[in-house]
Amino acid sequence: MSPLSASTIAIVKSTAPVLEEHGELLTRHFYKRMFQHNPEVAPFFNQANQGAGLQQRALAAAICAYAANIDNLEVLGGAVELIAQKHASLQIKPEHYPIVGSNLLASIQEVLGAGATEEVIQAWGEAYQFLAAILIGREAQIYEEHRATPHGWEGFKPFVVARKEPESETITSFYLEPAEGGSVPAFKAGQYITLRVPSPCGHTTMRNYSLSDKPGNPWYRISVKRETGADEKTPDGFVSNFLHQHVRTGDKIEVGPPCGEFFLAPPEAPGRPLVLLSAGVGITPVMSMLLSALDHTPERKIFFLHGCLNSRVHAFRTQIDALAQSHPNLTVRYRYDGPTDLDRQRMDGGPVSEGQIDAELIESLIPKRDADYYFCGPKPFMVNIYHQLLEWGIPASQAHFEFFGPRQDLEKHRP
Ligand SMILES: Cc1cc2nc3c(=O)[nH]c(=O)nc-3n(C[C@H](O)[C@H](O)[C@H](O)COP(=O)(O)OP(=O)(O)OC[C@H]3O[C@@H](n4cnc5c(N)ncnc54)[C@H](O)[C@@H]3O)c2cc1C
Ligand code: HEM
């Protein structure tokens, strides 16, 4: 890959502020154009994310960050890995890049109007190809890793639903085994797989689901929350309701290999505790981390803090309580922000209290604050935890998080 010329870098950097200003408009324009001109790529995208503007914002943020850092691409390392893992989970291939590239350039031209001189378009064309080559290269490695892993596979292959088990009123686990028999490849605790199911418009649609059991079992377990529409006008979540209502034990479903850069890393500093924080269905990846950490680091102090509405939607409680009983290194606390009357009666002296996971609770357990933190949950929860850790001076290398959707910029949001 030949490096970008100084003039290309200068032009791209000079357009960064304009892009920052019009970033979302540009990417909205881009998606509309691309789905009109190249409808064949639409099934790769989650239309609900498009509706909410989340994917546009994620792409706009990536493009702005790229333009601003084009002379110092190392700072984008983490972003490249996140995007490449997401792309690989959805089977994005090199032949798709020119489609995105040509629609993006046409949209830049349309949005910038007179500002989009031939020079600007040429520079952006080169810059796009440069970034595309980085992503394509990393994605090729990931596909190769999938093929090379024992029991691994590339693309989608049929799995059978071996067991379906409710974990709460809203969350159900699905145990998936390869339909052809045999075992499943190892994964890193915290990673997700991808399900591909027929969509109402006659195509297919894909969703990522975190693996909620520990690595090493002959199955993959996912635990899915049934998403209901916020009001009468909003449709219920398509795939989660399809899984809950229509998929039965014995049914086959297409599954893509484990991906993702949110996974439990070995402890860097001896004696540093592990803190697993979750809210709602965000419990799934940290559940896998908990099970894995108890097996592999039996001496390590682990704190598992989970928040949800109340006991009716509280998943995995029986299993986690049993683990806390049998593992003195594990401390468990739950917070309910809408407890039932019975929940309130049972709170005294137990692991449950009313409210949300907050700084006070974390500090009461880990007064020194120094720990490896992993967290997952809805956006307000993520924003609170992220800014709290930032305020405490916890370095980014000790604060790991996952969004159940396109990543949002936590820096920009204030609690
Ligand atoms: C890395 C990762 C890991 C994940 N792990 C898990 C997991 O372990 N468990 C889990 O349950 N989920 C997980 N998710 C989320 C999962 O991928 C799906 O997004 C989730 O199941 C909802 O999909 P759906 O098809 O049911 O809803 P969608 O049809 O995608 O809809 C999503 C939401 O938007 C609303 N909606 C739909 N259409 C519209 C519209 N036109 N206008 C306004 N609102 C609309 C729906 O009511 C719903 O609330 C994960 C996501 C990621 C990215
Ligand atoms: C240089 C080019 C590209 C850049 C910078 C880019 C950037 C991104 C970013 C930032 C995300 C969000 C990741 C996350 O937070 O989860 C994303 C997701 C995605 N990208 Fe790309 N991308 C590029 C090329 C492509 C191509 C060629 C395709 C193929 C059609 C594609 C399809 C997707 C899809 C389907 C998603 C997930 C969207 C969803 O959740 O609905 N991207 N990309």
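Residues numbered from 1 in each chain as written. Chains lettered and ligands numbered in written order. Predicted model: local features only at pLDDT ≥ 70, side-chain atom pairs only at ≥ 80, totals over all residues.

1. Points about the overall build of the protein
The test is simple: Comment: elements are numbered from the N terminus, with helices defined as DSSP H or I runs of at least four residues and strands as E runs of at least two. Radius of gyration: over C-alpha atoms. The globule rule applied is 2.2 Å multiplied by the number of residues raised to the 0.38 power. Exposure is read from a count of other C-beta atoms within 10 Å of each residue's own; the residue is exposed at 12 or fewer, buried at 20 or more and partly exposed in between. C-beta atoms are placed from the backbone. Here, residues touch in the contact sense if the C-beta positions derived from the backbone fall within 7 Å of one another.
Per the secondary structure count, the protein includes 12 helices and 12 strands. A compact globule built from 415 residues should have a C-alpha radius of gyration of about 22 Å, and the protein, at 22 Å, falls within 12% of that. Across its three principal directions, the C-alpha atoms of the protein cover 70 × 50 × 45 Å. Residues counted as buried form 35% of the 415 residues belonging to the protein. Of the contacts made within the protein by residues no fewer than 6 positions apart, 73% connect residues no fewer than 24 positions apart.

2. Remarks on the site of ligand 1
Applied cut-off: In this analysis a residue is considered near a molecule or strand if the C-beta atom, reconstructed from its backbone, is found within 6 Å of that molecule or strand. By the convention adopted, Pro, Cys, Tyr, Trp, Phe, Met, Ile, Leu, Val and Ala count as nonpolar, Lys, Arg, Asp and Glu as charged, and the other residues, Gly among them, as polar.
Taken together, 28 residues lie near ligand 1, and A48, G237, V239, S240 and T284 sit nearest. Those elements that place two or more of their residues in the shell around ligand 1 are α2 (47–52), β4 (204–210), β5 (220–225) and α7 (238–246). When grouped by side-chain class, the residues that make up the shell around ligand 1 number 10 nonpolar, 13 polar and 5 charged.

3. So, the site of ligand 2
The environment of ligand 2 is made up of 24 residues, and the closest members are F44, N46, A62, V100 and R407. Elements with a minimum of two residues in the shell around ligand 2: α3 (54–68), α4 (77–89), α5 (97–112) and α6 (118–148).

4. Looking at the pairing of strand β8 (residues 302–308)
The side chains of a regular strand alternate between the sheet's two faces. Convention followed: Strands are treated as partners if at least two bridges between them are detected by DSSP. Consider the strands pointing away from the viewer: the crossover is right-handed when the path from the first strand over the helix to the second runs clockwise.
The buried fraction of β8 amounts to 7 of the 7 residues, a majority that puts the element mostly inside the structure. Pairing between strand β7 (residues 274–279) and β8: 6 bridges, direction parallel. From the neighbouring strand, A279 faces β8, where its bridge partner is G307. Note: β8 against strand β9 (residues 330–336), 7 bridges, orientation parallel. Bridge pairing in β9 links C308 to Y336. The parallel pair β8 and β9, bridged by helix α9 (residues 317–326), forms a crossover whose chirality is right-handed.

5. Concerning the domain arrangement of the protein
Short version of the rule: Each domain span listed reflects an automatic or database assignment of domains.
Assigned domains of the protein: these are domain 1 (6–148), domain 2 (157–259) and domain 3 (274–402). A separation of 29 Å is found between the C-alpha centroids of domain 1 and domain 2. Facing the 8 residues of domain 1 at the interface are 11 residues of domain 2. A class-by-class count of the residues in the side of domain 1 that touches domain 2 yields 3 nonpolar, 5 polar and no charged.

6. A few points about the nonpolar core
What counts is decided by this rule: Take the buried Ala, Val, Leu, Ile, Met, Phe, Trp, Tyr and Cys residues, join any whose C-beta atoms are within 7 Å, and the set you get is a nonpolar core.
In terms of nonpolar packing, the biggest core is built from 92 residues, with L276, L290 and F304 touching the most fellow members. Counting residues per element, this core draws most heavily on α3, at 8 residues.

7. Description of the sheet that holds β7
What counts, and what does not: Axes here refer to lines fitted to C-alpha atoms; in helices the fit is confined to the stretch in contact. Angles between the N-to-C directions go from 0 to 180 degrees.
Read from one edge of the open sheet, 6 strands run β10-β9-β8-β7-β11-β12, paired in parallel fashion. Each edge of the sheet is formed by a strand with only one pairing partner; in this case those strands are β10 (352–354) and β12 (399–402). Adjacent strand axes in the sheet meet at a mean angle of 15 degrees when their direction is disregarded. Running at roughly 155 degrees to β7, helix α8 (residues 283–296) makes contact with β7, β8, β9, β11 (372–376) and β12 of the sheet. Where α9 meets the sheet, it contacts β8 and β9, and its direction lies at approximately 145 degrees from that of β9.

8. A closer look at the sheet that holds strand β1 (residues 157–166)
Here we have 6 strands laid out as an open sheet, ordered β4-β3-β6-β1-β2-β5, and antiparallel in their pairing. Here the strands that pair on one side only, and so sit at the sheet edges, are β4 and β5. In this sheet, adjacent strand axes meet at a mean angle of 40 degrees when their direction is disregarded. Pairing of strand β3 (residues 192–198) with β4 involves 7 bridges; the strand directions are antiparallel. By the bridge assignment for β4, P198 is matched with T204.

9. Some thoughts on the environment of R163
Residue placement: R163 occurs in strand β1. Given 12 C-beta atoms within 10 Å, R163 falls into the exposed group. The contact partners of R163, leaving out residues within four places of it in the chain, are Y175 and T249.

10. Focus: α3
Heads up, the rule is: Multiplying 1.5 Å by the helix residue count minus one yields the expected span of that helix.
For α3, which comprises 15 residues, the first-to-last C-alpha distance of 21 Å matches the rise-based estimate of 21 Å (1.5 Å per residue) to within 8%. Within α3 the residues assigned to the buried category are Q55, Q56, A58, L59, A60, A61, A62, I63, Y66 and A67.

11. A few points about unusual backbone geometry
Not every positive phi belongs to a glycine, and Q91 is a case in point at roughly 65 degrees. Positionally, Q91 belongs in the loop between α4 and α5. With 17 C-beta atoms packed within 10 Å, Q91 lands in the partly exposed category. Look at H151: it is not a glycine, yet its phi comes out positive at around 65 degrees. Following the sequence through the fold, H151 ends up in the loop between α6 and β1.

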